[in-house]
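Descriptive analysis of the structure
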Amino acid sequence: MRKNKKAAVPVWSISLVIMTLIVLTTATIYLNVKVRSVPRVGESQQQVFETAVIAERALLFLDSAAFLSARQAVIDAAFDGGYISDQEEENCGIYLGFNMWTTEGAECYPGSENIKRTLTYYTDANLRKYVYGYEEVDLSAEYRYAIISPMIIVGGAVENIQMPIKQLVKEVKLPVIGVPLYEELIIQKYEVPASGKEMVKKIYENYGDLLGKASNMHGVPEELLGGVIAQESKGNPYAVSPTGCKGIAQFCAPTAYQYGLCDCVGPDCGREGRNKKYCVNQDDRFDYEKSIDAEGKYYKYLLGRFVNYNDQEKFAIASYNAGEGVIKSAIRKTGKQDPSWEEVSAHLTPDLITYFRKDTEKANKVKEVKTYVARVTGYKEVYEVTALG
Amino acid sequence: MRKNKKAITAPIVDFWAIVAFILLIILFYFIIRVSVAEGAKPMEDRAESLNAYGFLNSYLRSPVTVDGREMQISQLIIDSHYKKDYSALKQETEKMLDNLRTSVSGWNIDVIFPDNELSVHTYTVAFRKPELQATAILPTQDNDIIKIIVFKESQ
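A brief structural summary. Everything numeric in this text was worked out from a predicted model, so none of it was measured. (Residues numbered from 1 in each chain as written. Chains lettered and ligands numbered in written order. Predicted model: local features only at pLDDT ≥ 70, side-chain atom pairs only at ≥ 80, totals over all residues. Heavy atoms only, no water.)

1. Side note on the overall build of chain A
To keep things clear, this is the line we draw: Segments assigned H or I by DSSP are reported as helices when at least four residues long, segments assigned E as strands when at least two residues long, and all are numbered from the N terminus. Exposure classes here rest on a 1.4 Å probe applied to the protein chains alone. A residue is buried below 20% of its type maximum, exposed above 50%, and partly exposed in between. Any two residues whose heavy atoms approach within 4.5 Å at even a single point are treated as in contact. The protein chains shown are the only cover counted for residues, whose accessible areas, like all others here, come from Shrake-Rupley with a 1.4 Å probe.
A tally of regular secondary structure across chain A gives eleven helices and eight strands. Looking at chain A as a whole, 43% of its 389 residues are labelled buried. Here the analysis covers contacts within chain A between residues at least 6 apart in sequence; of these, 60% occur between residues at least 24 apart. For chain A, the exposed surface amounts to about 21,500 Å²; the carbon and sulfur share of it is 56%.

The structure is reproduced here in structure tokens:
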């Protein structure tokens, strides 16, 4: 028995040390886990402050970007003669890359409304370039602008720019930073300004009878013919475009020949080939009566080419500007039986424009077609209202 | 002999067991203390960083008048890069720091342009503690960025 008691003493001491080690290790691990898992006092408040710092930093960037954008917009607008690049159809054409204000009797000075629109357009386009590169907060909101004095542009986001409070809202992910493509900024719906409405009214007063006659003869809506004239020549029967299209309906030579406004001289007339010249002995494009009749005929043909589509009229308008082949190719690219104009215009890419060589010309034409359709549609609606009195 | 050996071994084991017990207590006391302190430390640093940002924001939003034009320092920074003339910025920044030096000493400002670095500070700093530093960026007209850093020298 004594032998057993003596042997038990070291076992007890060693057991005590081992037990202490286990208890303390467990306690330390538990405490560590608890310390880390329980939010520290002020943690949430700290996160709110940190989020406010991020927001403040983003706001500073946005302010600075807006300052730069507005300043650049003034330069851009001046460079483009008060118009939005070369997308504007109201200008007198482009010479050496600059929009002209006068061409052969036509006057196209940009009004104050035009300049305001151009400034806000460029401010927005420039701002988007800047905010696109800002990674900390998604700043790609919709912004609106107003010009409150000749040199002050003010703007603001349409809705609050939202950002989650760091860590507190773990399940909310910041949206991927994206910016609408420049092309998307092209006017989809054209709000005709007061000057445009006045111009359409004059067209109705001066040419309403002829437009009505062409409409009855060819079965084409009068307001469509009126809207096209407003867009093409502003009702000026002597308008000439930089590309050589002439008259109230701006017929270019080959189409003018097709619709009896011009003659053709050469062995290749009426077929493919370069050996021909148009409008040599006959050029009736400045004859507004004949031009309006030819416009009616041409639209009858174009509307007939898109008779199976719901957006028949918009396809015809786009074809008048870009050519029937281009629009048909864009329709095919959608892969749909009856695509909308929005779907077709999204598939209208520079590679479809085969009659220009330079990429910039092709890209500009694509932009022009999209804007053209919006504007003709806008003028058409105004003509309809005017005609109804 | 066997009996004697056992009698000596037991007290030695007891002694070392008590020593180990005390050492364990001391060791774990320090482990727990350090881990609790470590858990609390980043919070203080984060609060310091807020102070740094507060100073940076005040600096960038400070109104200044240059050539008769009223603007904020942030605009002056962008303009300086645009004109490649940094004298007004340096002058205005130094003026502002001089005004603040009595109450907010030790803050330094670096403005890093895409092609140039402009440091405006009171004295040379050996190294910067990240938690005593705040950064903001401003855009440039050529789609680059200007980085503005305020920092405090490490004590």
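2. Description of the overall build of chain B
Looking only at helices and strands, one finds three helices and six strands in chain B. Walking chain B from its N terminus toward its C terminus, one meets helices and strands in the order α-β-β-α-α-β-β-β-β. The buried share of chain B, taken over its 155 residues, is 37%. Considering only intrachain contacts with a sequence separation of at least 6, the fraction spanning at least 24 residues in chain B is 56%. Of the accessible surface of chain B, which amounts to about 9,000 Å², a share of 58% is contributed by carbon and sulfur atoms.

3. So, the interface of chain B and chain A
Under the convention used in this document: The quantity reported as buried area is the accessible area (1.4 Å probe) lost by two parts once they are put together, taken as the sum for both. When a carboxyl oxygen of Asp or Glu lies within 4 Å of a side-chain nitrogen of Lys or Arg, that pair is called a salt bridge. We define a polar contact as two N or O atoms separated by no more than 3.5 Å, with the added condition that, inside protein, one atom must be a possible hydrogen donor and the other a possible acceptor, whereas residues neighbouring each other in sequence contribute only through side-chain atom pairs.
With 40 residues of chain B in contact, the opposing surface of chain A contributes 41 residues. Between chain B and chain A, a total of about 3,600 Å² is buried, with carbon and sulfur atoms accounting for 67% of that surface. The interface formed by chain B and chain A contains three salt bridges. When the shortest N-O distance is used, the salt bridge between R71(A) and D79(B) registers 2.7 Å. Counting across the interface, chain B meets chain A through four residue pairs in polar contact (both at pLDDT 80 or more). Only helix 1 (2-61), helix 2 (73-83) and strand 5 (128-139) of chain B provide two or more residues apiece to the side of chain B that touches chain A.

4. Points about a nonpolar patch on the surface
Quick note on the threshold: Only residues above 30% relative accessible area that lack a salt bridge enter a patch, with like-charged residues linked at up to 9 Å and the nonpolar side chains Val, Leu, Ile, Met, Phe, Trp and Tyr linked at up to 5 Å.
A surface patch of nonpolar side chains, amounting to about 500 Å² of accessible area, comprises I18(B), I22(B), I26(B), Y29(B) and F30(B). With respect to the helices and strands, F30(B) occurs in helix 1.

5. Notes on the pairing of strand 2 (residues 69-72) of chain B
Residues and elements named next belong to chain B. As a reminder, the rule being used: One bridge is not enough; two strands pair if DSSP finds at least two bridges between them.
Relative to strand 2, strand 1 (residues 63-66) runs antiparallel, the two sharing four bridges. Bridged to T65 within strand 2 is E70. Linkage of strand 1 to strand 2, two consecutive antiparallel strands, is achieved through a turn of two residues, within which D67 is found at a positive phi near 50°.

6. Focus: the nonpolar core
Residue and element names in this part refer to chain A. Heads up, the condition is: For our purposes a nonpolar core is just a set of buried Ala, Val, Leu, Ile, Met, Phe, Trp, Tyr and Cys residues, chained together by side-chain atoms within 4.5 Å.
Counting 54 residues, the largest nonpolar core has Y299, Y320 and I327 as the members making the most contacts within it. With nine residues, helix 11 (residues 359-388) is the largest single contributor of residues to this core. Residue contacts for Y299: discarding those within four places in its chain leaves V220, L224, L225, V228, A316, I317 and Y320.

7. What about the environment of S215(A)?
All names here are of chain A. Secondary-structure assignment places S215 in helix 4 (residues 194-218). By relative accessible area, which is 13% here, S215 ends up buried. Once residues lying within four places of it in the same chain are set aside, the contact partners of S215 are V220, P221, E222 and L225.

8. Some points on the pattern of salt bridges
Going through the model one piece at a time under the given rule, you end up with 16 salt bridges over all chains. Between K365(A) and E368(A) there is a salt bridge; the shortest N-O distance is 3.0 Å. Here E368(A) and K365(A) lie together in helix 11, a separation of three residues that amounts to about one turn. Residue class for E368(A) comes out buried when judged on its relative accessible area of 17%. As a salt-bridge pair, K95(B) and E92(B) come within 3.4 Å of each other at their nearest N and O atoms.

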